[in-house]
Amino acid sequence: MTGPLLALALAAGPELLLPPWPLSPDGDLVAVRSAAALAADGAAVEPVAAGLYRVVPAPGAARVTLRAGGAEISAPVEPPPGVVEIEVRTHAPVKGRDLAVEIELAVRRAGGEPDAEAAPPSIAVSSGRLRDLAPTGPGRYHAVYEPAPTRHPEVAVLLALVPRCPLCPTPRAVGHAIVPLSAAIDLPGHSEPGTRTTVTVAGRAFGPAVADARGRFSIPIVVPPGARFGAATSVDRSGNRRTTEIDLQLPEVDRLACTAWPRTLPADGRAEASVWCVASTPAGAPAEGAQLALGVSPGEVGPLARVRGPLQRAQYRAPAGGGGADAVVRATYPEGGAASRDEVRIALVSGAPAEIVARLAHEPVPRGATVPAETAVRDARGDLLGRPAGPSGAKEGFVAPDKFVAATAGAVQHAPLAFALPAGTELASLALRREGRSWVAEARTADGRPAAGVRLRFGGGAEATTDARGEARENGTADRETVVGPGGVRAAGWAGIAPPGARFELARTVEVALRPPSPVDVFASVEAGAIRWRVEDSGGRPLAERRVTLRAEGVELGPAERDGDGGRAAIRRGRGLVAVEDAETGVAAVVEVP
């Protein structure tokens with residue numbers, strides 16, 4: 001904004017600029033055309049750039065009051081998560097008989113109406129697997145659940161989550177279902193020949209079966225989850241009746257399912273994910289108020305709190321640094337036994353490039369010499385992103401990430417290094433800025449790479465695809481614009497208010513001191529109470545047998561002795577300077593003994 005325009009804006013008073021949609025519960029950008037700072041009731045406010053703020057509504061807030069100077073406005077907040085209804089169409093499924101269980105899902109908004117714009121739900125199961133998720137109508141899906149191949153009864157806990165956006169911890173909808181899975185078992189037994197035996201499990205009688213001439217019999221029974229004992233009633237040929245308790249010897253089963261969103265987070269010390277868990281009773285009823293425990297490494301996770309029914313939620317916060325690894329959230333349900341545990345992984349990714357680091361084996365570098373180099377690119381938290389490179393085809397400077405070639409003339413060499421993150425396709429965030437007579441959308445992945453080839457739609461309906469830099473343009477002179485992308489990603493922009501640039505490339509020119517070439521180089525240091533040295537030839541190869549002269553000022557040294565590829569002399573007393581001089585050439589290195 002030019003000076004005259006800014007003066008007019010200030011004279012007209014503060015102007016609060018909101019996106020044309022309700023504020024996200026996970027935060028949205030709000031702009032102020034004024035020197036006044038933004039304040040809010042019912043929300044936290046964080047400055048992002050000049051005139052730009054991130055507003056995060058308080059948990060459960062339906063509206064937020066924003067103020068700047070004398071201006072005030074009330075902004076609505078998106079409603080809480082809706083519900084994913086899960087219906088099991090296969091009645092009373094039995095393992096060993098029902099190899100596939102039909103599942104229907106319906107995504108509904110918080111008010112109960114179908115959510116036709118919802119993305120497909122992500123579904124976690126405590127055992128078995130879910131396959132063939134396919135839409136059947138607006139906000140409706142069909143899937144097939146396959147029980148685990150084990151033959152014992154168990155409980156399948158299904159947990160479904162519809163994301164609001166790739167980096168939004170608050171989902172668009174969430175729901176659960178608990179599916180009791182009985183097991184069909186052939187129960188063998190032995191008794192007197194001709195004896196009739198009936199087995200009762202969970203109030204249901206099976207049989208009778210008659211023992212053969214060898215006294216053997218087998219009774220097909222169906223065991224529901226949670227049944228640990230049965231009763232066998234036998235009547236022999238004489239009419240004698242006997243009832244015996246049977247320990248079915250069933251193993252403990254997993255009665256806990258957890259999931260998390262986002263599945264990928266920047267390791268910036270601020271990004272958050274929601275962890276959701278559901279537990280069941282042994283018989284497959286919802287375990288409301290179940291005492292669950294969470295642990296995580298790395299990062300932090302808060303305690304689980306009940307949301308609705310047996311559904312519980314906790315917040316996970318990523319660590320500052322550690323990109324490239326996974327955070328592992330471990331959940332346990334002590335009352336459910338050792339088998340009731342789950343593990344959720346959240347990928348931690350590095351951030352945008354912030355620093356190019358370059359170190360040479362030694363400086364000054366002899367003109368024309370080749371020396372080892374160490375180069376790296378790190379993000380703001382110190383995570384390694386990769387290696388920078390010098391100009392393509394260069395014969396001098398950083399000809400490789402680990403090799404530097406000095407120029408043949410001059411006292412200082414200016415050696416360029418550059419780095420760029422490769423493009424990705426998984427859109428995670430958008431930013432919008434005005435550039436001349438165009439609006440430019442900037443698409444990024446979770447780890448700061450350009451999101452290329454992503455179709456975006458601007459507020460006026462025009463569509464554009466992001467290029468290799470993750471940018472898409474739309475001509476327009478309006479003072480505000482919006483852009484939306486797949487997966488619920490969106491951004492609003494206002495003329496004269498620019499969001500921070502999402503940097504994905506970096507360049508640096510390294511200044512390297514040069515010196516005339518010499519037949520040898522001498523390197524010396526003070527380490528562990530001794531002077532240590534090494535003499536190398538012009539190619540960097542150590543000359544272990546090379547004779548040196550030690551000249552000390554204010555320092556008493558012990559005798560020189562061999563030390564690997566070089567030598568050493570103990571420091572007996574004193575402080576001052578010590579020169580290590582190659583006896584043949586006079587080339588020397590000087591160190592200070594503190």
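Residues numbered from 1 in each chain as written. Predicted model: local features only at pLDDT ≥ 70, side-chain atom pairs only at ≥ 80, totals over all residues. Heavy atoms only, no water.

Attention shifts here to the overall build of the protein. Looking only at helices and strands, one finds 1 helix and 50 strands in the protein. Taken over the C-alpha trace, the protein has a radius of gyration of 36 Å; the compact-globule value for 594 residues is 25 Å, which it surpasses by more than 25%. Expressed as lengths along the three principal axes of its C-alpha atoms, the size of the protein is roughly 115 × 75 × 45 Å. Partitioning the intrachain contacts of the protein with sequence separation of at least 6 by distance along the chain shows that 59% fall at a separation of at least 24. If you sum the accessible surface of the protein, you get close to 28,600 Å²; carbon and sulfur atoms cover 50% of it. On the protein, the mean spot of the 65 positive side-chain charges and the mean spot of the 67 negative ones are 3 Å from each other. (Helix = DSSP H or I, 4+ residues; strand = E, 2+ residues; numbered from the N terminus. Rg over C-alpha atoms; globule rule 2.2 N^0.38 Å. Contact = heavy atoms within 4.5 Å. Areas by Shrake-Rupley, 256 points an atom, 1.4 Å probe, with all protein chains shown as cover. Lys, Arg positive; Asp, Glu negative; His and termini not counted. Charge placed at Lys NZ, Arg CZ, Asp CG, Glu CD.)

For the rest of this paragraph, the subject is the side chain of Arg-164. Mapping Arg-164 onto the fold places it in the loop between strand E14 (154–162) and strand E15 (173–190). Judged by relative accessible area, Arg-164 falls into the buried class, the value being 13%. Within the structure, the side chain of Arg-164 is placed 3.2 Å from the backbone oxygen of Thr-170, a separation counted as a polar contact. Engagement of the side chain of Arg-164 in a polar contact is seen with the backbone oxygen of Pro-171, the distance being 3.0 Å. What Arg-164 contacts, discounting residues up to four positions off in sequence, is Ser-24, Pro-25, Asp-26, Glu-78, Pro-79, Pro-80, Pro-81, Thr-170, Pro-171, Arg-172, Gly-487 and Gly-488. (Buried < 20%, exposed > 50% of the residue type's maximum accessible area, 1.4 Å probe, protein only. Polar contact = N/O pair within 3.5 Å; in protein donor to acceptor, adjacent residues only side chain to side chain.)

One pass over the full model with this rule turns up 1 aromatic pair. Ring geometry for Phe-398 versus Phe-404: centroids 5.1 Å apart, planes at 65°, classification edge-to-face. Overall, the relative accessible area of 0% leaves Phe-404 in the buried class. (Phe/Tyr/Trp six-rings, centres within 6.5 Å; stacked < 30°, edge-to-face > 60°.)

Counting residues in each nonpolar core, the largest one holds 24 residues, and the members touching the most others are Leu-256, Leu-265, Cys-277, Leu-292, Tyr-316 and Ile-346. For this core, the element with the most residues is strand E23 (residues 272–279), which contributes 4 residues. In this structure, Val-365, Ala-369, Ala-373 and Val-510 belong to the second largest nonpolar core, which totals 21 residues. (Core = buried A, V, L, I, M, F, W, Y, C linked by side-chain atoms within 4.5 Å.)

Another point: the pattern of salt bridges. Across all of its chains, the model carries 47 salt bridges by this definition. With its nearest N and O atoms 3.5 Å apart, the salt bridge here joins Glu-15 to Arg-33. Taken as a pair, Glu-15 in strand E1 (residues 15–17) and Arg-33 in strand E2 (residues 28–33) lie far apart in primary sequence, 18 residues in all. Taking the relative accessible area as the measure of exposure, Arg-33 reaches 11% and is therefore buried. (Salt bridge = Lys/Arg side-chain N within 4 Å of Asp/Glu carboxyl O.)

This part is about the state of the cysteines. Counted by the stated rule, this structure contains 2 disulfides. Paired through a disulfide, Cys-165 and Cys-168 show a sulfur-sulfur distance of 2.0 Å. With the S-S bond torsion at 90°, the cross-link from Cys-165 to Cys-168 turns out right-handed. Looking at Cys-168, the relative accessible area reads 8%, which means it is buried. Two residues share a disulfide in this structure: Cys-258 and Cys-277, whose sulfurs sit 2.1 Å from each other. Its S-S torsion of about 110° marks the bond between Cys-258 and Cys-277 as right-handed, since a negative value means left-handed. Of the two residues, Cys-258 is situated in strand E21 (residues 256–261) and Cys-277 in strand E23; the sequence distance between them amounts to 19 residues. A residue is classified by how much of its surface remains accessible, and Cys-258, at 5% relative accessible area, is buried. (Disulfide = S-S within 2.5 Å.)

With that settled, the discussion passes to the environment of Arg-387. The topology assignment puts Arg-387 in the loop between strand E33 (384–386) and strand E34 (397–400). Non-local contacts of Arg-387, meaning those with residues more than four positions away in its chain, are made with Thr-375, Ala-376, Val-377, Pro-401 and Phe-419. A polar contact is formed between the side chain of Arg-387 and the backbone oxygen of Thr-375, at a distance of 2.7 Å.

With an omega of 5°, the peptide bond between Gly-207 and Pro-208 qualifies as cis. Examined against the element boundaries, Pro-208 turns out to sit in strand E17 (residues 204–210). Positive phi outside glycine occurs at Gln-249, with the angle close to 50°. Its place among the elements puts Gln-249 in the loop between strand E20 (241–247) and E21.

Taken in spatial order, the 4 strands make up an open sheet running E40-E39-E42-E43, and their pairing is antiparallel. Whereas interior strands pair on both sides, the edge strands pair on one side only; in this sheet they are strand E40 (463–465) and strand E43 (490–494). Strand-to-strand twist in this sheet, taken as the mean axis angle between neighbours without regard to direction, amounts to 25°. Where strand E39 (residues 455–458) meets strand E42 (residues 480–484), 2 bridges bridge the pair, whose relative direction is antiparallel. Residue Phe-458 lies in a different strand from E42, and its bridge partner there is Val-483. (Pairing = 2+ DSSP bridges. Axes fitted to C-alpha atoms, helices over the stretch in contact; angles between N-to-C directions.)

One open sheet holds the 4 strands; their spatial order is E17-E16-E19-E20, and the pairing between them is antiparallel. Of all strands in the sheet, those bounded by a partner on one side alone are E17 and E20. With strand direction ignored, the average angle separating the axes of adjacent strands in the sheet is 20°. Of the strand pairs in this sheet, strand E16 (residues 196–201) and E17 are connected by 5 bridges, and their pairing is antiparallel. By the bridge assignment for E17, Arg-196 is matched with Val-210.

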